Amino acid sequence: MKTSRIIKTLSIVGLFGQFDISIQFSDLTVIVGKNGLGKTTLLKILKGFITGKHELFYSEICDSIELVFDDGNIISFGDISDEMSKAVARKGIFNHIMHDEKGIESIFKGIDGINEKLSEEEKKDLAERLIESAFKSNYFIDFYKKGVNEVLEKNNKQVFSNKYHTQELKDSIVVRYLSTVNISANAGNTIDFGNSIEKNLLDLAIYDELRLLLKNEDCKAIDAFREQINIFLRESQKKCELDQNEFVFITDNQVALPLSKLSSGERQLIYILATAANTCGKKTLFLMDEPEVSLHLSWQEKIVDAIMNINPNMQIVAVTHSPGIIMNGHMDEYIEMKDIMRPTKNV
Ligand SMILES: Nc1ncnc2c1ncn2[C@@H]1O[C@H](COP(=O)(O)OP(=O)(O)OP(=O)(O)O)[C@@H](O)[C@H]1O
Ligand SMILES: [Mg+2]
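This text gives an overview of the structure that appears in the document. Given the structure is predicted, the values throughout are model-derived calculations rather than measurements.

Notes on helix α5 (residues 120-134)
- Taking 1.5 Å per residue, 15 residues should reach 21 Å; α5 reaches 21 Å between its end C-alpha atoms and fits that length.
- K123, A127 and I131 are the residues of α5 that are buried. Looking down the long axis of α5, one finds its buried residues gathered within 65° of arc, a one-sided arrangement. α5 presents E121 and R129 as exposed residues on the side facing more than 90 degrees away from its buried surface.

The structure is reproduced here in structure tokens:
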């Protein structure tokens, strides 16, 4: 089955000096837990590790972190495991074989009688096979681990990653982090523009996302957004239409409402779905903190499907207080925070 998975596992040792955490991710992972257990912290770690924009001082909150990607690459903090060393070496050697002057062509030139012209796909396959067989030799593993560890240990307080992998992530993966609770309509965090205009952070975020969506040349993104948002708005007797390159929200009795006149939940939903639509066609990791804020249970149940319909090429990690968002056929993707936490041995 085709998967949109980008990240596979996250392990944290000594979180807040108390817990070890181990999570296996699926295409959709919903982590449910009580206040203060570390849910938002997990999302911030994921965002920081993948984008390289770190919000947290990891040494203040834990001993070590290891994030394993679906393709075997690893980013870690604190500890350098054997798997991490191998992942770094594997990626580094692969890039040398594929892209250096003395690449795979020269290996072939050295063998008498072989004068193959290999396609890029064949080269890639051969490079991978060469590396895999080399990794079966203990001598080779020791040699590379030693080299990798020497380099990494010089930067012991940093996050360790392979530069080729980091570049690949930048080039090919979109990461969106939605902290619904921070910018919800009721959060009270308004910005005063000094000319008696005060705007709520949510409104500003919605305008940004909608503007970006309207600029999107891929009309499928706009259509997908409208199709999904209208499934929800139908319940409150409204619909979203496109009029002269603007989104308008029309009531049953044909009154056009500006965004600011929509309810908190309606705006919250527009924000989430417009953000999803802006990732259309791109491989995306969608991180959501409490997406249920302001949404009635019937809307909570539909939100995950709506997001996945808008961009099927997306891995979603959501943290929440409410299992409502997985009620509609996603019970298998539900993880209880307490089930992934163990008292730490690192004391
Ligand atoms: N260095 C630290 N040592 C111990 N505890 C810490 C440290 N840093 C943060 N904490 C605590 O860890 C908890 C983590 O908060 P986090 O925001 O991740 O929880 P949450 O599960 O998202 O909670 P909520 O459901 O309320 O949003 C908070 O209670 C915070 O006070
Ligand atoms: Mg939180």
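Quick word on the sheet that holds strand β12 (residues 256-257)
- Read from one edge to the other, the open sheet built from three strands follows the order β10-β11-β12, with strand pairing classed as antiparallel. Each edge of the sheet is formed by a strand with only one pairing partner; in this case those strands are β10 (238-243) and β12.
- Summarising the sheet, β10 and strand β11 (residues 246-251) pair through six bridges and their orientation is antiparallel. Paired with L242 across the two strands is F247, which belongs to β11.
- Across the sheet, helix α9 (residues 219-233) lies against β10 and β11, angled at about 155° from β10, the strand it touches most.

Some details on the site of ligand 1
- In the vicinity of ligand 1 there are 13 residues, among which G36, K39, T40, T41 and H321 approach most closely.
- Between ligand 1 and N35 there is a distance of 2.9 Å, counted from an oxygen atom to a side-chain nitrogen or oxygen.
- Here an oxygen atom of ligand 1 and a side-chain polar atom of K39 are 2.7 Å apart.
- Here ligand 1, which alone exposes 650 Å², has 58% of that area covered by the protein.
- Of all the secondary structure elements, the ones that give two or more residues to the shell around ligand 1 are α1 (39-51) and α2 (58-61).
- If you tally residues by element for the shell around ligand 1, the top one is α1, at three residues.
- Across the shell around ligand 1, the residue classes tally to three nonpolar, six polar and four charged.

Overview of the sheet that holds strand β15 (residues 334-336)
- Spatially, β7-β13-β14-β3-β15 is the arrangement adopted by the five strands of the open sheet, whose pairing is parallel. If you trace the sheet from one side to the other, it starts and ends with β7 (174-179) and β15, each paired once. In this sheet, adjacent strand axes meet at a mean angle of 15° when their direction is disregarded.
- Note that strand β3 (residues 28-32) and β15 share three bridges and pair parallel. Within the sheet, the bridge partner assigned to V32 lies in β15 and is E336.

Some details on the environment of E333
- Among the structural elements, E333 can be located in the loop between β14 (314-320) and β15.
- Residue E333 is classed as partly exposed on the basis of its relative accessible area of 22%.
- On a C-alpha basis, the gap between E333 and S26 in space is 7.1 Å, while along the polypeptide they are 307 residues apart.
- Apart from residues lying up to four places away in sequence, E333 is in contact with L28, T29 and V30.

Looking at the nonpolar core
- Core analysis: the largest hydrophobic core is formed by 46 residues, its most contacted members being F225, F247, I270, L273 and I307.
- Contributing elements (two or more residues each) for this core: β3, α8 (201-215), α9, β11, α10 (264-277), β13 (284-289), α11 (297-310) and β14.
- The greatest single-element share of this core, amounting to eight residues, is contributed by α10.
- Among residues more than four places away in sequence, those in contact with L273 are F225, Q228, I229, F232, A306, I307 and I310.

Observations concerning the pattern of salt bridges
- Under the criterion given, the structure shown has 15 salt bridges.
- Of the charged contacts in the structure, one is a salt bridge between K124 and E128, with a shortest N-O distance of 3.7 Å. Of this pair, K124 and E128 both sit in helix α5, separated by four residues, roughly a single helical turn.
- K124 gets classed as partly exposed once you look at its relative accessible area, which sits at 33%.

Here's the deal with the side chain of T279
- With respect to the element layout, T279 can be found in the loop between α10 and β13.
- T279 sits in the buried class, given a relative accessible area of 0%.
- Look past the residues within four positions of T279 in its chain and what remains in contact with it is V174, R176, T284, N311 and M314.

Some words on the pairing of strand β5 (residues 74-77)
- Going residue by residue along β5, you find I74 and S76 tucked away on one face and I75 and F77 tucked away on the opposite face as well.
- Examined bridge by bridge, strand β4 (residues 64-69) and β5 share four bridges and lie antiparallel to one another. In the strand pairing of β5, E66 is matched with S76.
- The hairpin turn running from β4 into β5, its antiparallel successor, is four residues long, and G72 in that turn takes a positive phi close to 95°.
- When β5 meets strand β6 (residues 159-160), the two strands line up antiparallel, connected through two bridges. Counted as the bridge partner of S76 is F160 from β6.

Rules behind the numbers
Residues numbered from 1 in each chain as written. Chains lettered and ligands numbered in written order. Predicted model: local features only at pLDDT ≥ 70, side-chain atom pairs only at ≥ 80, totals over all residues. Heavy atoms only, no water. Helix = DSSP H or I, 4+ residues; strand = E, 2+ residues; numbered from the N terminus. Expected span 1.5 Å × (residues − 1). Buried < 20%, exposed > 50% of the residue type's maximum accessible area, 1.4 Å probe, protein only. Arc of directions from axis to C-beta. Pairing = 2+ DSSP bridges. Contact = heavy atoms within 4.5 Å. Axes fitted to C-alpha atoms, helices over the stretch in contact; angles between N-to-C directions. Near = heavy atom within 4 Å. Polar contact = N/O pair within 3.5 Å; in protein donor to acceptor, adjacent residues only side chain to side chain. Areas by Shrake-Rupley, 256 points an atom, 1.4 Å probe, with all protein chains shown as cover. Nonpolar A, V, L, I, M, F, W, Y, C, P; charged D, E, K, R; others polar. Core = buried A, V, L, I, M, F, W, Y, C linked by side-chain atoms within 4.5 Å. Salt bridge = Lys/Arg side-chain N within 4 Å of Asp/Glu carboxyl O.

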